[in-house]
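Here's the letter readout for the chains.
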Amino acid sequence: MTPEKKASQILEQRRKLDRENQQKRINEVYEKIPQIKSIDRQIKQLGFTSLKLASLGKDTEELEKKIKDLSSYKKSLLRKNSYSEDYMDIKYFHPVCEDTGFVGNKVCSCRKQLIIDQKYDQSNIRDKIREENFATFNINLFSQNPDKYPISPYENMTHILKIVRKYCDNFAYETSNIYIYGEVGRGKTFLLNSIAKEILDQNFSVLYVTAPRLFKFLNDYLYAFEDRREKLDEKYRLIFESDLLIIDDLGAEASRPKDPALLFDLVNERMNEGKPIIFSSNLDLASLQEEYGDRIFSRIMGNETKILEIYGRDLRL
């Protein structure tokens, strides 16, 4: 189910709950103050009669005055019994749109937030990105000593951050991939999570998956029986249809004969649809080409792929 459909389902459930809760309050009042039940019947009957007379072009002023007087009396009975005047009215989760998700022709903020929340849930990293994001990214962990590198790890990461922040800011127009590589413990996954949060907060869909899990899932889907495959369909579609796919730790998977073909088809289909992928890997470009072959290497590196190397000391130490 898409985030949009899920949001509509949640809003429908809210409206149903709104009505159920209202009916519970009405029943409570009727039981405690039976006179109000009688008043409501009278108001309803007078209302029908008033509408009928109005449709015939007749004067309804007297009926309207009776309805107003009965409503005032009902409110006084509610106050007398320690209820608020609107206690029997429907109460909405979000009064601005009355839980419809729209204000006039515009999408309400509550519906937008529900869609974002659903996309967060789909991303697989909701909890991680609370702690790992650009706001918590500590550039000072990177050494300012160039050592054996052309520029220091600190300067290099500063440059990388500028590139990926610009990528995030312009994501609505991005179709290019990013390939981030470096040794273990250099901050690749933290950077991926930071990018993911930034894109999700712009109301785009993101799917984060490690390469081992991705290939296991694709193989499971490929060889699944029809009833089992139907249960996997939603996630399978998300791999191809999400606005951004993040594949972490490419090259760490235990390679199966089908994996290279699956990877090529995945990259090819997303690129044809203009949907970018961000890869992270311990493999440098030469190792990536050796591991997957020229055909896949060319496809990953096509479409103006941004290649970013993170180096320096192991940050976990």
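The notes below deal with the structure included here.

Rules used in this analysis
Residues numbered from 1 in each chain as written. Predicted model: local features only at pLDDT ≥ 70, side-chain atom pairs only at ≥ 80, totals over all residues. Heavy atoms only, no water. Helix = DSSP H or I, 4+ residues; strand = E, 2+ residues; numbered from the N terminus. Expected span 1.5 Å × (residues − 1). Contact = heavy atoms within 4.5 Å. 1 Å grid on protein atoms, 1.4 Å probe; cavity = no way out; pocket = protein on both sides within 12 Å on 5 of 7 lines; lining within 4 Å. Points joined across faces, edges and corners; volume = space filled by probe spheres on them. Nonpolar A, V, L, I, M, F, W, Y, C, P; charged D, E, K, R; others polar. Phe/Tyr/Trp six-rings, centres within 6.5 Å; stacked < 30°, edge-to-face > 60°. Lys NZ or Arg CZ within 6 Å of the ring centre and 35° of its normal. Pairing = 2+ DSSP bridges. Axes fitted to C-alpha atoms, helices over the stretch in contact; angles between N-to-C directions. Patch = residues over 30% accessible without salt bridge, like charges linked within 9 Å, V, L, I, M, F, W, Y side chains within 5 Å. Areas by Shrake-Rupley, 256 points an atom, 1.4 Å probe, with all protein chains shown as cover. Salt bridge = Lys/Arg side-chain N within 4 Å of Asp/Glu carboxyl O. Lys, Arg positive; Asp, Glu negative; His and termini not counted. Charge placed at Lys NZ, Arg CZ, Asp CG, Glu CD. Core = buried A, V, L, I, M, F, W, Y, C linked by side-chain atoms within 4.5 Å. Buried < 20%, exposed > 50% of the residue type's maximum accessible area, 1.4 Å probe, protein only.

Things to note about helix 2 (residues 34–55)
Here helix 2 is 22 residues long and its end C-alpha atoms lie 33 Å apart, about the 32 Å a rise of 1.5 Å per residue gives. The inward-facing, buried residues of helix 2 contact helix 1 (3–32) and helix 3 (61–80).

Concerning the layout of surface pockets
Roughly 320 Å³ of volume is contained in the largest pocket. Gly185, Arg186, Gly187, Lys188 and Thr189 are the residues nearest the centre of the largest pocket, which is lined by 18 residues in total. Among the elements of the structure, helix 7 (188–200) and strand 5 (244–250) are those that each provide at least two residues to the lining of the largest pocket. Looking at the lining of the largest pocket, the element that brings in the most residues is helix 7, giving 3 residues. The class makeup of the residues in the lining of the largest pocket is 6 nonpolar, 7 polar and 5 charged. Computed from the structure, the second largest pocket encloses a volume of approximately 220 Å³. Lining of the second largest pocket is provided by 12 residues; of these, Thr2, Pro3, Gln122, Leu238 and Glu241 occupy positions nearest its centre. Going through the elements one at a time, helix 1, helix 4 (109–123) and helix 9 (226–241) are the ones with two or more residues in the lining of the second largest pocket. At 4 residues, helix 9 tops the list of elements feeding residues into the lining of the second largest pocket. Counted by class, the lining of the second largest pocket contains 3 nonpolar, 4 polar and 5 charged residues.

So, the packing of aromatic side chains
One pass over the full model with this rule turns up 11 aromatic pairs. Aromatic side chains Tyr221 and Tyr236 sit 3.9 Å apart centroid to centroid with 5° between the ring planes, which places their arrangement in the stacked category. With Tyr221 in helix 8 (residues 211–223) and Tyr236 in helix 9, this residue pair connects regions lying 15 residues apart in the sequence. In textbook terms, an aromatic cluster arises when at least three aromatic residues are bridged by ring pairs, as seen for Phe217, Tyr221, Tyr236 and Phe240. For Arg165, the ring lying beneath its charged end belongs to Phe134, and the centroid distance is 4.4 Å. Its end group placed over the ring of Phe217, Lys235 keeps NZ or CZ at 5.3 Å from the ring centre.

Thoughts on the sheet that holds strand 7 (residues 306–309)
Spatially, 5 strands are ordered 4-5-6-3-7 in an open sheet, and the strand pairing comes out parallel. Edge positions in the open sheet fall to strand 4 (206–210) and strand 7, since each of these has one partner strand only. Adjacent strand axes in the sheet meet at a mean angle of 15°, parallel and antiparallel pairs treated alike. Sheet analysis places strand 5 next to strand 6 (residues 277–281), joined by 4 bridges and oriented parallel. Bridge pairing in strand 6 places Leu250 opposite Ser281.

Considering a negative patch on the surface
A grouping of Asp59, Glu61, Glu62 and Glu64 is seen on the molecular surface, where their side chains present a negatively charged patch. Assignment of secondary structure puts Asp59 in the loop between helix 2 and helix 3.

Remarks on the nonpolar core
Membership of the largest hydrophobic core comes to 33 residues, with the highest contact counts inside it found for Tyr179, Ile239, Ile247, Leu250 and Ile300. Every element with two or more residues in this core is listed here: strand 3 (178–181), strand 4, helix 8, helix 9, strand 5, helix 10 (259–272), strand 6 and helix 11 (285–301). Non-local contacts of Ile247, meaning those with residues more than four positions away in its chain, are made with Val209, Ala211, Leu214, Leu266, Ile277, Ile278, Phe279 and Ser280. One finds Tyr120, Ile129, Tyr167 and Ile246 within the second-largest nonpolar core, a separate group that totals 31 residues.

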